Structure formats: C-alpha cells, structure tokens
Amino acid sequence: MIRLNDIIEKANSYLYLLEPELEVIKSAYVYSAKVHTGQKRSSGEPYLSHPLEVAGILADMKLDVSSIVTGLLHDTVEDTLATLEEIESLFGKEIAFLVDGVTKISQLPLTSKIDEQAETFRKLILATAKDIRVVLIKLADRLHNMRTLQHLSEERRKRIAKETFEIYSPLAHRLGIDWVRTELDDLSFRFLNPEEYEMISKRVTKKKKEWEKYVEEVKGILGTKLTEFGIKAEIRGRFKHIYGIHNKMQSQNIEFDNVYDVIAFRIITTSLRECYEALGAVHSTWIPVPGRFKDFIALPKGNGYQSLHTTVIGPFGERMEIQIRTRRMHEIAEHGIAAHWKYKEGRIEGGDSDKIYANLRQLLEWKDIKDPTEFLEAVKGDLIPDMVYAFTPKGDLKELPNGATPVDFAYSIHTEVGNCCTRAMVNRKIVPLDYRLRSGDTVEIVTSPDKHPSRDWLKFVATSRAKTKIRSWLRIEEREQSQVVGKSISERKFKQNGLDFQNMLKNRELDAALSELGFKDIEEFYLAVGFGKVSVADLLKLILPKGKLEQTPERESRLQRIINTLTRSTTSGVLVKGYDDVMIRFANCCSALPGEEIVGYITRGRGLTIHKHNCPQLLDTDPARRIDVEWDKGFRGPRAAKIMVVCSDRPGMLSSITRSIASSDVNISKAEIHSTDVDRAIGTFDVAVSNLTQLENLITSLKKVKGVISVERILGVEEAS
C-alpha cells in the first residue's frame, strides 16, 4: 500500500508544496482514516488503501493539491457517515464540490442498474462541465478499482470491466491520457476475456528478451543517423500493449506470430523543426510504406495529440512504426488535458486545451435524454476514438467518428441542416447520403425545406448527434400522428354512446376521470389511445352510469386488441406486467436470453415484441410504446442463439468443435462452415440454450479447443415498427 509520504513526495516533485498545502493533505488523510475506520475492501485490505492509491494516481497525473485532497476524501460521503456539509466546513467549497461530483447516485429509487449507471454518469458530466478535475479524479478512482477487480465476483468483474471498456477507457482517450487508457484497456480485456489475455501475456513474456535486443539494435541505428543530421533527440522503443496485440490479431485475422508491428519507436526532439528533419533522416534510412504517413502535428487529434507517424520497412525486412514529436508534445500525449493544468490558478490554460475541454463538453448535449439506455448509447457514441477530418466549403474543420456520412456532417453543422438534408457533394461530386467520409474531404450539404429525416438514415449514420436528432424527429412525427388517431377514436366512441365529446372537454367534465386514469391532460390521453396503451372504454366507464356502456360494445384500437384478445397460455418464459398470459414474440435483432434485462414493445400488427434493454433497434422507437416485462424465473425451456467460430482450416476441426458443444449439454439445430483464403474456416452454429450463463460457458469452452481462434455470439437484424 502506498504511504502518505510517497504521495507528498510525488506531489512535491512538481508542485513545490507550501506548508499550508502540506497541512491540508495531512488533514484529509487523518479525516479519511478516521471515517473509514473498520472498513475493509473485498481484498481484505483496510479501506484506507483505496483513497491513498487514488491520491497517488492523481499525483502521477501531476494534478493540483485540491485534486489530491479529493482523492483522499472521494468515498467519504458515499461509504461513511460523513456529509458534504462536514467536508465543506473542514476543507472548503471547492473540495466539497469535487467530492460531490465523483459521488455515485445511489440514494434515488432507480429501477435498474442501467438507470443507476446512466444517472451517475449524467451527474459526472454535469459536474465535469464546471470543473474538469471531476472526471480526472473519477478516472483515477476507476483505475485503482480495475487494478483490484480480481477480488470481486465474476458477475461484478464482467459488469465493471464492460463499463470501463465502453465508457472510461474511451473517456481517458478523449482526454488524451494515454497511459491511463492503455492500462484500462488491458485490465478490461483481462477480465472480459481471461483465456485470450493469459495466452497473449505468456507469449509476450516469452518473446520479451528477443524484442528488447531488437529495440537496442534499432535505437543504435536511429541514433547514428540522427547524429549525422545534427539532431539531438531521445529515442524510445515501446511494446504494443496486450489488448492492442489482440485487437490487431482480430482486425487482420492473423495469429500472434504474424503481428509484426508489436514494437514502435518514438523520437523525442527539442524543437518542431527537428521533428520534420528527423522524419527525413528516417526516410533516408529505410523505405517508407506508402499511405502510412500521418501528420498529426499540422492536424492535431481532437484530444490535443500531436506527432508525426510513419511506417517503414525496418532493418530486417519487417514493418516498423516510428512516431516523432517534441518534448512538449510527448508530455501532452502521455498526460493529455492534465498536462495543461495551471495548478496555482485552478484553471485550464487556453489554446489547444480549450479545444479538448470543448470536445468533452459536447457530452452535455445529451444530458436531457430521459431514456437511460439511449443516454448511455449517445455518450458512448461521442467517445468513439477513431476520427476522420472533413472540411466545409469555407474551410472549417469538422471532426467526426470513423464511418461518418454526409448526414452526420450535416447534423454537426446544425440540427435543421441535418433534418432538411436532401443531397451531398464531396470534393464537388454528388455522392449518396450513406457515403463514408475520408479525412481531407470537402463536404457541401444541399438542403430543402420539404425534405425530412428518414428512418433508413439510422441504418448508416455514425454519430450520436445524428442518431438522436433523427430519432427525435421521427418520434415527434409518430406522436403527432398517434394523437390525431387517438382524438378521432375518442370522438367516435363518445358519439356511439350519445355523448358530445368536444362539449364535455370544453366544460371540463372529463378532467376528474382523466386524472383518475393518470393523465395530466387530454393530449396525453390521445397519445395513449393512438399507441394502443389504453382504451376509450376505460374513460367511458368513469363517466357513463353503471351498465350503460355494456349496451354499446366497445370496438378497441388495433394495438389494444392485440394485447387484450390474443391472450392465451404461453411457454415463452416472459411475464408481462399488467397483463396475464399475453402472446409475445422475440425480436431477431437481439435474440434475448434468460439472464439478460428485457423490455416489451407494442409492435403494430404483431403484438408484444421482446428486446434486450440495450438493443439498438429498440432505441429507434418511442418509449411510450414500451412495456415492463421480466423473465419467469421458473422457466426452463430452450432459447435459440447463434455463434460464430473462427478456427484453423484443418482435418478434424469441425468434429472437435461439435464435441465441445455437445459436452456443454447444448443441442445444435443448424451448422454452416466454409473455408477462407488464409487457411481459416468460419463456422456458424444455431444452438439451443436455457439461459445466458449456459451460452457464456459454451463460448468459454469453445475458446479452449485447439485451433479455435475466436468465438462470438452473433445477432440478426430487424427493425422495430
């Protein structure tokens, strides 16, 4: 466990602490030790070890005294009897605000882990908008928790690792803190795919001495060449981290021994001019690989990263990546936005750091999205690290995620430009709206007031902004149509019962009945009727004398009829809250399994459709048509699932795979396998499993089969309507 003196020594190396600053750090340590007395972590260590380690990580980030103090105090309000008022009285408003910013939402009556995760992250974003240190402290907290994740249950390990991989690692990348992002990636990979992690880790260890010898040889050659050019520079060799190697193997469908760019070199110069001179020295020594040069100095990444990247054919005929940057660029590449911190003034410097901060503040745009699943999807989409850079006709630069289209570009300019986008021109040529933009493209958007978003756009747009704006427009349109339908049905039903609907509305004769049904106004009632979530008969029952309604049979809306008339005994294993034995169907797009959180959706003409709670297709629908459902815990029937296995193309491989599936007590209903042109075979298997756990165990078992390269669950595609 790190000691307080170690933290003070780290901080003093860059802050030159004054006596009052030393005292506040010591006071925070004493207070944290006092309130955490008797508490232990899952590892059995005293709980105080965690805030100490977090404070140490913040010192590694080279943050200010207030951040380090908050690291020591960050769990006091959440996990002890301490209050924010007490923190403020002892340490001041600034530190109380930072502690509150990193405190999880846990007191609210949230219905699920997704709700809790969404609201906690929403709070974090709002606090970060006021003070960037909040998110840096949260990253330090998450990093230490990931370092000790092995002490938790497997279910919690996987859930936390998945959240880290999807949100916190991309967040570290967005802030430019490369060493934190790299460690979070590796730790997430370790707990999400332990077998693959262990295999790569062992092979890296085995090859390390050989790689270290290679690094020294190349550094010697580079050093000699740079000296010839009169360039003073530091040369470093680095190994690709474990998840990076795995990613390369997956993306290129190759095995470990065929990953040739495991080692990269960095040349750190003293000036910007020497960066380009060093590039010339490298290219005069080894042949550059065409199309593999990137100038991130002239065109920095959105997180402030600057460097020259080139790939050359190295001294032994292998591909070798070399990065060239100044000392200041290297500091920013390692520490990101933290490298811009003006410690004594409590603010971020101007210039490039303003762009990084503004980039992060874009996440604020999604704070008003009410649906927690859609909110988290929007945030994750905004954290996508791979970017393309396109220009407006006036030369303004737009940074978009890889795979972005002209529609994404249009929405990045303004919502109305996106909503009215009719066609696009890229580099003065007309292109389809689903064209994938490339860095350097100049994009011109042509608009028309008669043009409106299409649901088909959701199939190809890449940005969270475009997806959210398109969904919003479609929902507004759908709601307006449903309200018209609901109003028409209401007027007709009232007329059938001899009532003047509009006159009763005008005289406010329906207010009490609407309130009793839970509607704040008639527009909300129209919407519910149009969506089929309520019947006009429910309102009439509260107005007409008892027995009169039965004389006029109610003809229900089509959607309500689906819910109320197609009820029968079912073996689906799903319970629908508010209805008994409703006939349902499962969406092919996500193929939900028992053990996964699910949502029911009223599908026009097809009854209730069951989706996973985070199904992308479900996000394109109106939340008003969703119904709470849950798995019947007593259900034991089989559910269909599909898996894809990539393996070596050799005799007996299929037999080994099918034996492994059979030994997991899983039936195969369909199997297809074909060879590729790189000595690989790809097999898809339709299997019957009882729940998610059985499927996960099957995948783990298959990964252990000799010759199997990867196994993953695959899903179908279906659009909710």
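All residue numbers refer to positions counted from 1 along the written sequence of the respective chain. Restriction of local features to residues with pLDDT of at least 70 applies here, the model being predicted, together with a cutoff of 80 or more for giving and counting side-chain atom pairs; totals for whole chains, interfaces and linings are based on all residues. The side-chain quantities take in all heavy atoms of the structure and omit both hydrogens and water.

This next bit is on the overall build of the chain. Each helix is a run of DSSP H or I of at least 4 residues and each strand a run of E of at least 2, with the numbering of both proceeding from the N terminus. Helix and strand counts for the chain stand at 28 helices and 22 strands. Working definition of accessibility: Shrake-Rupley area with a 1.4 Å probe, residue cover restricted to the visible protein chains. About 34600 Å² of surface is accessible on the chain, with carbon and sulfur atoms providing 50% of the total.

On to the sheet that holds strand β5 (residues 319–326). Taken in spatial order, the five strands line up as β1-β2-β5-β4-β3 in an open sheet, and their pairing is mixed. With one partner strand each, in any of the chains shown, β1 (233–239) and β3 (294–295) form the two edges of the open sheet. Direction of pairing for β3 relative to strand β4 (residues 308–313): antiparallel, over a ladder of two bridges. Looking at the pairing, lysine 294 lines up with histidine 309 of β4. Criterion used throughout: strands pair if DSSP finds at least two bridges between them.

Glancing now at the sheet that holds strand β10 (residues 421–426). A sheet is described by the order of its strands in space; here three strands give the open sequence β11-β10-β12, paired in antiparallel fashion. Whereas interior strands pair on both sides, the edge strands pair on one side only; in this sheet they are β11 (429–431) and β12 (443–447). Taking the axes of each pair of neighbouring strands and ignoring which way they run, one obtains an average angle of 35° across the sheet. Pairing of β10 with β12 involves five bridges; the strand directions are antiparallel. Each residue of the ladder has a partner; that of methionine 425, found in β12, is glutamate 444. This element, helix α18 (residues 406–413), spans β10, β11 and β12 of the sheet and lies at about 80° to β12. Inter-axis angles, ranging from 0 to 180 degrees, are taken between N-to-C directions of lines fitted to C-alpha atoms, where helices are fitted over the stretch in contact. Contact criterion: two residues are considered in contact whenever any of their non-hydrogen atoms come within 4.5 Å of each other.

The next subject is the packing of aromatic side chains. Here a Phe, Tyr or Trp ring, Trp counted by its six-membered ring, pairs with any other such ring whose centre lies within 6.5 Å, and the pair is stacked when the planes are under 30 degrees apart, edge-to-face when over 60, and tilted otherwise. Tallied over the full model, the rule gives twelve aromatic pairs. With a centroid separation of 5.9 Å and 75° between ring planes, the pair formed by tyrosine 31 and phenylalanine 91 is classed as edge-to-face. In this pair, tyrosine 31 is assigned in helix α2 (residues 19–35) and phenylalanine 91 in helix α6 (residues 84–91), connecting sequence segments 60 residues apart. As far as burial versus exposure is concerned, tyrosine 31 and phenylalanine 91 are alike and both buried. When the centroid spacing of 5.3 Å and the interplanar angle of 75° are considered together, the rings of phenylalanine 165 and tyrosine 243 count as edge-to-face. Here phenylalanine 165, found in helix α10 (residues 154–174), pairs with tyrosine 243, found in helix α13 (residues 242–252); they are 78 residues apart in sequence, far enough to count as distant. Exposed residues in this analysis have more than 50% of their type's maximum accessible area, buried residues have under 20%, and partly exposed residues fall in between, with area computed by a 1.4 Å probe over protein chains only. When its relative accessible area of 16% is taken as the criterion, tyrosine 243 is described as buried. Cluster of aromatic residues (ring-pair linked, three or more members): Phe165, Phe189, Tyr197 and Tyr243. A cation over a ring is seen here: arginine 639 above phenylalanine 586, with NZ or CZ 3.6 Å from the ring centre. By definition here, charges over rings are those cases where NZ of Lys or CZ of Arg is within 6 Å of the ring centre and within 35 degrees of the ring normal.

Moving on: the pattern of salt bridges. A side-chain nitrogen of Lys or Arg and a carboxyl oxygen of Asp or Glu constitute a salt bridge if their distance falls within 4 Å. As enumerated under the stated definition, the model contains 25 salt bridges in all. Note that lysine 612 and glutamate 596 form a salt bridge whose closest N and O atoms lie 3.4 Å from each other. Of this pair, lysine 612 sits in strand β16 (residues 607–612) while glutamate 596 sits in the loop between β14 (584–586) and β15 (598–603); the two residues are 16 residues apart in sequence, bridging distant segments of the chain. This pair shows no difference in class: lysine 612 is buried, exactly as glutamate 596 is. For the salt bridge of glutamate 672 with lysine 670, the shortest nitrogen-to-oxygen distance reads 3.5 Å. Take lysine 670: its relative accessible area is 42%, and that puts it in the partly exposed class. Residues joined in a network through salt bridges with shared partners are Asp64, Glu94 and Arg133.

At a minimum axis distance of 5 Å, the contact between helix α11 (residues 178–192) and helix α12 (residues 194–228) shows a crossing angle of 120°. Relative to α12, the element α11 is oriented oblique. Residues Asp186, Phe189, Arg190, Phe191 and Leu192 of α11 form the contact with α12, whose participating residues are Pro194, Glu196, Tyr197 and Ile200. As a working rule, the residues Ala, Val, Leu, Ile, Met, Phe, Trp, Tyr, Cys and Pro are called nonpolar, Asp, Glu, Lys and Arg charged, and the rest polar, with Gly in that last group. Tallied by class, the residues present in the contact of α11 with α12 amount to six nonpolar, no polar and three charged. For classification purposes, angles smaller than 35 degrees are called roughly parallel, those larger than 145 roughly antiparallel, those between 65 and 115 roughly perpendicular, and all remaining angles oblique.

A word on the environment of lysine 34. Mapped onto the secondary structure, lysine 34 falls in helix α2. Assessed through its relative accessible area of 62%, lysine 34 is described here as exposed. It is 9.3 Å that separates the C-alpha atoms of lysine 34 and leucine 48, two residues lying 14 residues apart in sequence.

Along the chain, lysine 633 turns up in the loop between β18 (629–631) and β19 (639–648). Assessed through its relative accessible area of 76%, lysine 633 is described here as exposed. For the pair lysine 633 and proline 594, spaced 39 residues apart in sequence, the C-alpha to C-alpha distance is 8.5 Å.

Time to look at unusual backbone geometry. Even without a glycine there, the phi angle at tyrosine 16 is positive, about 50°. Relative accessible area serves as the criterion here: at 61%, tyrosine 16 is assigned to the exposed category. Positive phi values are uncommon outside glycine, yet asparagine 427 reaches one of about 55°. Within the element layout of this structure, asparagine 427 appears in the loop between β10 and β11. You can call asparagine 427 partly exposed: its relative accessible area is 40%.

Below, the discussion takes up the state of the cysteines. Pairs of cysteine sulfur atoms within 2.5 Å are identified as disulfides in what follows. This structure, assessed with the given rule, holds zero disulfides. Free cysteine: cysteine 615, not disulfide-bonded; nearest cysteine sulfur from cysteine 589 at 3.5 Å.

A separate point is the environment of lysine 138. Position of lysine 138 among the secondary structure elements: in helix α9 (residues 133–147). Sequence separation between lysine 138 and leucine 98 is 40 residues, and the spatial gap between their C-alpha atoms is 9.9 Å. Every residue in contact with lysine 138, bar those within four places of it in the chain, is listed here: Val102, Lys104, Leu124 and Tyr168.

Turning to the confidence of the model for the chain, a few remarks are in order. Note that predicted coordinates carrying low pLDDT should not be read in detail. Of all residues in the chain, 83% attain a pLDDT of 70 or more, and the chain-wide mean is 82. No element of the chain has a lower mean pLDDT than strand β7 (residues 347–348), at 44, and none a higher one than helix α3 (residues 49–60), at 95. A score between 0 and 100, pLDDT records how confident the predictor is in each residue. Confidence drops under a pLDDT of 50 for residues 342–351, and excluding neighbours within four residues, the segment shows 21 contacts in the predicted structure.

Turning next to the packing of α11 against α13. The description of two helices packed together rests on the angle between their axes and the distance between the axes. One way to put it is that α11 packs onto α13 with a least axis distance of 8 Å and a crossing angle of 70°. If you check the angle between α11 and α13, you find them roughly perpendicular. Where α11 abuts α13, its residues Asp185, Asp186 and Phe189 lie against Ile242, Tyr243 and His246. Residues of the contact of α11 with α13, tallied by class, amount to three nonpolar, one polar and two charged.

Here helix α15 (residues 327–335) has its buried residues at Met329, His330, Ile332, Ala333, Glu334 and His335. Against α3, α11, β1, β2 (263–269), α14 (272–285) and β5 lie the buried residues of α15. Following α15 by one or two positions, glycine 336 has its phi on the positive side, about 55°.

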